[in-house]
Amino acid sequence: MSDLARKYLHLALGVGLLSLAPLATAAPAIVEACKVCHAEDGSGVGKRIVPVIAGMPAVHIEEALYAYKDGARQCLEEPVMCETAALLTDDNVADLAEYYAAIDRPSLNEDIDAALAALGEPIHKRLCARCHLPPDDPNAAEVLGPPLHGQRADYLSYALESYISGSRENLLDEMKEKISFLDEGDVEALAHYYGSY
Ligand code: HEC
Ligand code: HEC
């Protein structure tokens, strides 16, 4: 465990004790261990490869946290993410998933190129829409993949490049196949399309 991870845990525990005070918000105390990167509203403002987790169905948040915990998913650029996940109890995971899932996905006000976004839409519809619905779609939690609409464009490029290079394992062969059809222009168009949401 790195000093940084230990520090976040201490913070979380400290606030856990304080939370006996009446000023109760919906946030579980353990969110202290996350907000330095993800922010309390799950938007992760200002951080390039920190994903937006607000409005992600709880099942996907849990899946991701367990994947980091058991090493199936690595933290290539930000080891503290994996070190923090390793410290979470099953109850922490459930509470955090429920908390962040209940927050509406914020608008990031990123620089979106409308022409690129228009190119991305048909690619999404053809190859990706079956498994990736917008976060406010009533079926968003039923499909196989997490919502990508409203996700940070830099994070999407990072995630797609990680799949393409093999540094992040594709859990589904079908997505692996669909991603293999993308060239670099397609990746950029998709990032602008999802970002334009
Ligand atoms: C030091 C910064 C940092 C801290 C602290 C941190 N995260 Fe992360 N988080 C990241 C980064 C960076 C990624 C992307 C990592 C990757 O997959 O390479 C990430 C990824 C995730 C994902 C996967 C999202 C997706 O789209 O697949 C979830 C869920 C998540 N974090 C939740 C949490 C929770 C809950 C906490 C607190 C217990 C936490 N994180 C603490 C930086 C952080
Ligand atoms: C058969 C269903 C399926 C299809 C089709 C599919 N995906 Fe996925 N996708 C998933 C699942 C499941 C995950 C989460 C598990 C994982 O990491 O493999 C995921 C994860 C992702 C992630 C990482 C999200 C995050 O928050 O870290 C990105 C980016 C992504 N998909 C992009 C795409 C794109 C772009 C397409 C179309 C070219 C596509 N997917 C097609 C099922 C699918």
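Residues numbered from 1 in each chain as written. Chains lettered and ligands numbered in written order. Predicted model: local features only at pLDDT ≥ 70, side-chain atom pairs only at ≥ 80, totals over all residues.

**Focus: the overall build of the protein chain**
Okay, so step 1: Within the protein chain, the secondary structure is distributed over nine helices and zero strands.
Okay, so step 2: Counting over 197 residues, the protein chain shows a buried share of 28%.
Okay, so step 3: Of all intrachain contacts in the protein chain linking residues separated by at least 6 positions in sequence, the fraction that spans at least 24 positions is 65%. (Helix = DSSP H or I, 4+ residues; strand = E, 2+ residues; numbered from the N terminus. Buried ≥ 20, exposed ≤ 12 C-beta atoms within 10 Å, placed from the backbone. Contact = placed C-beta atoms within 7 Å.)

**Some thoughts on the site of ligand 2**
Okay, so step 1: Neighbouring ligand 2 are 22 residues, the closest being Cys-128, Cys-131, Gly-145, Leu-171 and Met-175.
Okay, so step 2: When contributions to the shell around ligand 2 are tallied by element, the ones reaching two or more residues are helix H6 (114-128), helix H7 (153-165) and helix H8 (173-180).
Okay, so step 3: By residue number, the principal contributor to the shell around ligand 2 is H8, which donates four residues.
Okay, so step 4: A breakdown of the residues in the shell around ligand 2 according to their chemical character gives 16 nonpolar, three polar and three charged. (Near = placed C-beta within 6 Å. Nonpolar A, V, L, I, M, F, W, Y, C, P; charged D, E, K, R; others polar.)

**Describing the site of ligand 1**
Okay, so step 1: Around ligand 1 sit 24 residues, and of these Cys-34, Cys-37, Ala-64, Glu-78 and Val-80 come closest.
Okay, so step 2: Those elements giving two or more residues to the shell around ligand 1 turn out to be helix H2 (35-38), helix H3 (58-69) and helix H4 (79-86).
Okay, so step 3: For the shell around ligand 1, the class distribution of residues is 19 nonpolar, two polar and three charged.

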